[in-house]
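One-letter residues, chain by chain:
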Amino acid sequence: KALAGGGHWPAAIVLGCADSRAPVEIYFDMQPGDLFVLRTAGNTIEGGYGGLLGSAEYAIAVLKTKLIVVTGHTLCGAVTATVKEVLSKEGMPTENLGIVVDNIRAAAEMAVETLPDAPLVQQVQLATKLNVFEAIEKMMKHSTIIRDGVASEELMIVGAVYNIEDGSLDWVGPHPEQEKLVGSTLHVHRWREAPYSRKSMLPSSPDARAIID
């Protein structure tokens with residue numbers, strides 16, 4: 001009743017895979033109203049345009065959501081099919097499946113090129129992570145609201161990979177070329193990414209150290 005009468009103000013927008021083994025609200029341990037969830041096969045953004053990006057922009061502009069999380073997952077059928085297609089160079093059986101594969105192809109090709117002699121499972125693991133970054137890149141390139149939000153540091157967009165075998169979540173962070181993509185220096189982002197260095201609180205004087213010892 002509270003959600004029905006008072007509306008919803010989700011803490012994050014989550015772009016996840018449509019795989020039924022990767023239920024977003026469950027693996028983030030969230031309740032109805034907590035997340036604005038978008039799901040497609042392979043957590044892809046078709047061509048970088050359309051209803052999915054418009055939905056994300058609605059959550060940012062109207063619901064004032066300040067965080068986007070793009071989540072891939074292990075054993076993803078769409079990513080696995082794309083890596084196999086890259087290796088075999090065989091096409092998909094339908095046009096629409098081909099569109100899904102085309103949106104993952106860049107990540108799959110990079111994974112195979114990086115790990116040409118690795119087992120398929122390792123190539124798929126790398127492609128899954130790269131595909132998360134590919135989706136983040138498309139969101140920033142093709143949405144002015146998202147790009148400007150990241151540039152002003154009022155919006156954060158990060159990636160994660162859910163392990164469907166043990167339920168763990170591997171946070172892969174923001175896009176490695178985030179500043180280049182938004183065309184701005186992100187001071188808060190650099191502060192978050194800088195290694196933490198703790199200075200000793202012990203006195204530097206040998207005599208004082210002797211007293212402590």
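Residues numbered from 1 in each chain as written. Predicted model: local features only at pLDDT ≥ 70, side-chain atom pairs only at ≥ 80, totals over all residues. Heavy atoms only, no water.

A.B. asks: How should the sheet that holds strand S1 (residues 12–17) be read in this particular structure?
C.D. replies: Two modes of strand pairing occur in sheets, parallel and antiparallel, and in both the strands are linked by backbone hydrogen bonds. Ordered in space as S2-S1-S3-S4-S5, the five strands form an open sheet in which the pairing is mixed. Whereas interior strands pair on both sides, the edge strands pair on one side only; in this sheet they are strand S2 (35–40) and strand S5 (169–173). In this sheet, neighbouring strand axes are inclined to one another by 25° on average, regardless of whether the strands run parallel or antiparallel. Examined bridge by bridge, S1 and S2 share six bridges and lie parallel to one another. Its bridge partner lying in S2, Ala12 is registered against Leu35. Packed on one face of the sheet, helix H3 (residues 51–61) meets S1, S2 and strand S3 (67–73) and runs near 175° to S2. Taken strand by strand, helix H6 (residues 120–142) contacts S1, S3, strand S4 (156–162) and S5, and its axis lies near 155° from that of S4. (Pairing = 2+ DSSP bridges. Helix = DSSP H or I, 4+ residues; strand = E, 2+ residues; numbered from the N terminus. Axes fitted to C-alpha atoms, helices over the stretch in contact; angles between N-to-C directions. Contact = heavy atoms within 4.5 Å.)

A.B. asks: Any chance you could explain the pattern of salt bridges here in plain terms?
C.D. replies: Side chains carrying opposite charge are able to pair once their charged atoms draw close together. Throughout the structure, instances matching the rule amount to four salt bridges. A salt bridge links Asp19 to Arg21; its shortest N-O distance comes to 2.7 Å. Exposure remark for Asp19: the relative accessible area of 15% places this residue in the buried category. Taking relative accessible area as the criterion, Arg21 reaches 42% and is therefore assigned partly exposed. (Salt bridge = Lys/Arg side-chain N within 4 Å of Asp/Glu carboxyl O. Buried < 20%, exposed > 50% of the residue type's maximum accessible area, 1.4 Å probe, protein only.)

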